[in-house]
Each structure stands twice: as structure tokens, then as C-alpha cells.
Amino acid sequence: MIPETDLILNPDNTIYHLHLGADEIPDWIITVGDPERVPKVTKYFDKIFLKRKHRQFHSHLGELGGKQILVISTGIGTDNIDIIINEIDALANIDLTNRKAKKNLRSLNFIRIGTSGAIQKDIPLDSILISDFAIGIDPLMQFYKSKRKSVPVGIIKQASIELSEILHFSYWSKADHQLISKMGDGFLHGITITSPGFYGPQGRSLRLKANGFDIYSLSQIKYQKLQITNIEMETAGIYAMANALGHKAISVNAILANRISGQFSKQPGKTVDLCIKKVLSLL
């Protein structure tokens, strides 16, 4: 029996942070970072049944082409992914009355629609990229007993000394192959780095100079004909937690910056909207 301090419910029997109930979790979940991006997704829905918000977690439950979809904002970072995946899984797979896992567990489909910066010079601004694999250089999975998959040795050997030390303690996760197949053609593919911060942890320097995270060295690494293509802040956590809990996940990235060329998109809103419409058309 899961104690009240671990599985926290509100007086209306919704779960603590998300304020969603067990009957409000469909099989398809779209996550976005920015709360303001939720209505930018659901404006294309046929129906919207529910709108709810608590802190940075804004949720719309609706229907598109007869399929129910929950769109929820995560905020930035895998610390929020920890909350999102755990609480959605709890609503789907734990009996909230007796506080025990259900015998028949549901497998949900998580689709991240997010923004990212490329670290390959030949990746155009405003393109859309699927993360086939992700490397988490954040500490999230160190706190779980599920088997943490290490970064392949072949990748670590290609890295600089400073990078290899970071990658040695990182975790490796992958997208669901069925969801990759469902997305079809028309996407770039690559390996995504999930970082615990936006500035130093992604090699950016303002007044404080970044140390040890060389994106140029990172951009030279290859694995199974794929390059390390981009950096963001949620994908590896989504993949690792979804895989550990028996769910499927995929991350679709709108490329708004190219860190090698030093350029940023002139039309970020248009690119994100294109990404949203492309994903929804394939669902």
C-alpha cells in the first residue's frame, strides 16, 4: 500500500501537482514545455472536454479524429518530467482507493513536441527532428532502482577527456520504434542530449564561462549512422521513465537555433506551429 506522503491526492481525488483525475487520462499524451503552447496545439482539435491549470502544469483534454488526447505543459527540465510521468502513470495504473498498483497495467503513448538547438552545421534552422536516442547528462535516473542504461562505450571513446567524464555518468534512452514508424518520413533523425540547464550545461557562456562541455567535440560523435544532433532539456527523462514504466515515447523537436553557425530562427512561432500540425496530422 502506497502511503499518503508518496501518493498525494487533493480533496477532490485529483493527483497533487497535475490536478487531474483517474478518468481524465487517455492513451495519448502530448507534452509541451511552455504552458502557452497547450492551446496552440488544441486549437486544431475537434472538441475540448477539459481545461485545467495548476502552477506550470496546464492541461487540455480533447478529441481529434475520434481519438482522445491529453495535452499538458511540463515546464522546463527533467525535474518536472519526474512529476509528469509519475503522476500520469499513477492515475492510469494505481487504484487510488486501495493505493496499490492495478493488475492490468496500461501502456500510454507520450509525444513531446518541443524546441531545440542543433549542434550540426548542416541541420537547417526551422527543420523538424525526431530523437531516435537520447543521452541524459542530468541526474534524474540516479534516483531510481530501474536498470539505468549506460551510454554506449563507442560514444564515450569518441569524446574528449572532459566530455567522456560527463558521459560516463550519463544515462542512455531511446524512442519507441512503433511511434517512430507512425511518424513516417519527412523528419530528420538523430541523437539528442538532454541537459540539466540552459547556459553552462549546454556550453553557453554569458558572464560565467562554461567549463568542460564542448559542443564542437560532441558534434563529431557518431553512433549507428546517427550523429549527436541537438540539445534540449526533457527528452532523455521522458524516454527513460516511460521505458521503465512500460509506456511508449517519442520526442519531436522544432530546431530553432544552430549552435555551430550561431544563428537563431527568424520565425520560431511559425516553425513550432508547423511541427504541431505535422504531428497531429500523423495521429
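What comes next is a walk through the structure. (Residues numbered from 1 in each chain as written. Predicted model: local features only at pLDDT ≥ 70, side-chain atom pairs only at ≥ 80, totals over all residues. Heavy atoms only, no water.)

### Observations concerning unusual backbone geometry
Rules: Here a strand is any run of E in DSSP of at least two residues, a helix any run of H or I of at least four, and the numbering for each starts at the N terminus.
Located in the positive-phi region is His 19, a residue other than glycine, with phi close to 55°. Mapped onto the fold, His 19 is located in the segment before β1 (28-32). Unusually for a residue other than glycine, Arg 99 sits at a positive phi of about 60°. Structurally, Arg 99 can be placed in the loop between β5 (94-95) and β6 (100-101).

### Digging into the packing of aromatic side chains
Applied cut-off: A pair of aromatic rings is counted whenever rings of Phe, Tyr or Trp (Trp by its six-membered ring) have centres within 6.5 Å, and the orientation is called stacked for planes under 30 degrees apart, edge-to-face for over 60 and tilted otherwise. Residue burial is assigned from relative accessible area. The probe radius is 1.4 Å, only protein chains are included, and a residue is buried under 20% of its type maximum, exposed over 50%, and partly exposed in between. In this scheme, Lys NZ or Arg CZ marks a charge over a ring once it lies within 6 Å of the ring centre and within 35 degrees of the ring normal.
On inspection of all chains with the given rule, the structure shows 4 aromatic pairs. The interplanar angle of 85° and the centroid separation of 5.7 Å between the aromatic rings of Phe 133 and Tyr 223 together place this pair among those described as edge-to-face. Taken together, the positions of Phe 133 in strand β8 (residues 128-136) and Tyr 223 in strand β11 (residues 222-223) put the pair 90 residues apart, joining distant regions of the chain. Ring geometry for Trp 172 and Tyr 223: centres 5.1 Å apart, planes at 80°, overall edge-to-face. Placement of Trp 172 in strand β9 (residues 171-174) and of Tyr 223 in strand β11 is noted, with a sequence separation of 51 residues between them. Judged by relative accessible area, which is 10%, Trp 172 ranks as buried. Looking at Tyr 223, the relative accessible area reads 21%, which means it is partly exposed. An aromatic cluster is defined as three or more aromatic residues linked by ring pairs; in this entry it consists of Phe 133, Trp 172 and Tyr 223. Above the plane of the ring of Phe 198 lies Arg 204, whose end atom (NZ or CZ) is 3.9 Å from the centre. Over the face of the ring belonging to Phe 187 we find Lys 278, whose NZ or CZ atom lies 4.9 Å from the ring centre.

### Focus on the pairing of β1
Two faces, one strand: in a regular strand the side chains alternate between the faces of the sheet. Let me state the cut-off plainly: Note: two strands are recorded as paired if DSSP finds a minimum of 2 bridges between them.
Taking burial as the measure, the 5 residues of β1 include 5 buried ones, the bulk of the element. What you see with β1 is no split at all: Trp 28, Ile 30 and Val 32 on one side and Ile 29 and Thr 31 on the other are buried throughout. Sheet topology places β1 next to strand β4 (residues 67-73); 5 bridges connect them, and they run parallel. Paired with Ile 29 across the two strands is Leu 70, which belongs to β4. Summarising the sheet, β1 and strand β7 (residues 109-118) pair through 4 bridges and their orientation is parallel. Within the sheet, the bridge partner assigned to Ile 29 lies in β7 and is Phe 110.

### Details of the side chain of His 247
Here is the rule: Definition of a polar contact: a pair of N or O atoms within 3.5 Å, with one able to donate and the other able to accept a hydrogen when the atoms are protein atoms, and with sequence-neighbouring residues admitted only if both atoms are side-chain atoms. Contacts between residues were defined by any pair of non-hydrogen atoms, one from each residue, lying within 4.5 Å.
Within the fold, His 247 resides in the loop between α7 (235-245) and β13 (248-258). Classification of His 247 by relative accessible area gives buried; the value is 5%. Separated by 2.9 Å, the side chain of His 247 and the backbone nitrogen of Leu 108 make a polar contact. Residues within four places of His 247 in sequence aside, it is in contact with Asp 89, Asn 93, Arg 106, Ser 107, Leu 108, Phe 110 and Ala 242.

Shape descriptors only; they carry no functional weight alone.
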